[in-house]
Amino acid sequence: MRKVMTKELLHELFYYKDGKLFNKKGRRGVTKDAIAGNITKDGYMAIMIKGKTHKAHKLVWFYHNGDIPEGLEIDHINRIRNDNNIDNLRLVTRQQNNWNTSGKGCYWREGKKKWQSYIGLNGKRKYLGSFDNETDARNAYLEAKTNLHFI
């Protein structure tokens, strides 16, 4: 959070209930007790405070826990970008956050007429093998994900 953002200011403007921040009081363009913010085109809830847009999941984390430590970010455990329940949010590194995606981890290699499987690790793509069918390639990825992408 920027230095102008404080927990005191958040608690003055909002109250938290069931994964949402609600406006504590009415002000220009804001209705008291209404859910704060709007869902953006990329699926996140965003809230405007003093002319600056903030992603709600970061505000919810800050509201409960304070600053997000340098080098860490907030991950939605269930991958639902607007589910900002504090129990659904966790601190992770960028790499750990990237692991929590729904990517298949495999693709069809036309030249070889095989499915190939890979996984990202430490900024590099690790080859897992070639397979006759998509299911086997996907399973190789899921097994590697279980062994390598633990949080």
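To be clear, the structure that these remarks concern was listed above.
Parameters at a glance
- Residues numbered from 1 in each chain as written.
- Predicted model: local features only at pLDDT ≥ 70, side-chain atom pairs only at ≥ 80, totals over all residues.
- Heavy atoms only, no water.
- 1 Å grid on protein atoms, 1.4 Å probe; cavity = no way out; pocket = protein on both sides within 12 Å on 5 of 7 lines; lining within 4 Å.
- Points joined across faces, edges and corners; volume = space filled by probe spheres on them.
- Helix = DSSP H or I, 4+ residues; strand = E, 2+ residues; numbered from the N terminus.
- Nonpolar A, V, L, I, M, F, W, Y, C, P; charged D, E, K, R; others polar.
- Core = buried A, V, L, I, M, F, W, Y, C linked by side-chain atoms within 4.5 Å.
- Buried < 20%, exposed > 50% of the residue type's maximum accessible area, 1.4 Å probe, protein only.
- Contact = heavy atoms within 4.5 Å.
- Polar contact = N/O pair within 3.5 Å; in protein donor to acceptor, adjacent residues only side chain to side chain.
- Pairing = 2+ DSSP bridges.
- Axes fitted to C-alpha atoms, helices over the stretch in contact; angles between N-to-C directions.
- Salt bridge = Lys/Arg side-chain N within 4 Å of Asp/Glu carboxyl O.

Student: Residues and numbers for the layout of surface pockets, please.
Tutor: Of the voids in this model, the second largest pocket is the one considered here, and its volume is about 360 Å³. Forming the boundary of the second largest pocket are 18 residues, of which Arg27, Val30, Ile47, Met48 and Ile49 lie nearest the centre. Contributing elements (two or more residues each) for the lining of the second largest pocket: helix H1 (7–13) and strand S4 (45–49). Element by element, the count of residues in the lining of the second largest pocket is highest for S4, at four residues. Grouping the constituent residues of the lining of the second largest pocket by class yields nine nonpolar, seven polar and two charged.

Student: Residue-level account of the nonpolar core, with values.
Tutor: Among the nonpolar cores identified, the biggest contains 20 residues, and Met5, Leu10, Phe14, Leu21, Ile47, Ile49 and Leu59 are the most heavily contacted of them. Sorting the residues of this core by element identifies H1, S4 and helix H2 (56–65) as the ones contributing at least two each. Top contributing element to this core by residue count: H2, with six residues. Residues within four places of Met5 in sequence aside, it is in contact with Leu10, Ile49, His54, Leu59 and Phe62.

Student: If you had to explain the environment of Asp132 to someone new, which residues and values would you point to?
Tutor: Of note, Asp132 is situated in the loop between strand S10 (124–131) and helix H4 (134–148). Aside from chain neighbours lying at most four places away, what touches Asp132 is Lys114 and Trp115. Of the polar contacts made by the side chain of Asp132, one reaches the side chain of Lys114; its length is 2.5 Å.

Student: Hey, could you go over the sheet that holds strand S5 (residues 52–55) for me, with residue numbers and the actual values?
Tutor: Taken in spatial order, the three strands line up as S3-S4-S5 in an open sheet, and their pairing is antiparallel. The sheet terminates laterally at strand S3 (38–39) and S5, the two strands that pair on one side only. Bridge analysis of S3 against S4 gives two bridges, and the strand direction is antiparallel. Across the sheet, residue Asn38 finds its bridge partner in S4, namely Ala46. Relative to S5, H2 is tilted by about 75 degrees, and along the sheet it contacts S4 and S5.

Student: Account for the pattern of salt bridges, naming residues and giving values.
Tutor: One pass over the full model with this rule turns up five salt bridges. The shortest N-O distance in the salt bridge between Lys25 and Glu12 comes to 3.8 Å. Taken as a pair, Lys25 in the loop between strand S2 (20–23) and S3 and Glu12 in helix H1 lie far apart in primary sequence, 13 residues in all. Between Arg90 and Asp75 there is a salt bridge whose closest N-O contact spans 2.8 Å. Highlighted residues: Arg90 in strand S7 (residues 89–92) and Asp75 in strand S6 (residues 73–76), separated in sequence by 15 residues. By relative accessible area, which is 2% here, Asp75 ends up buried.

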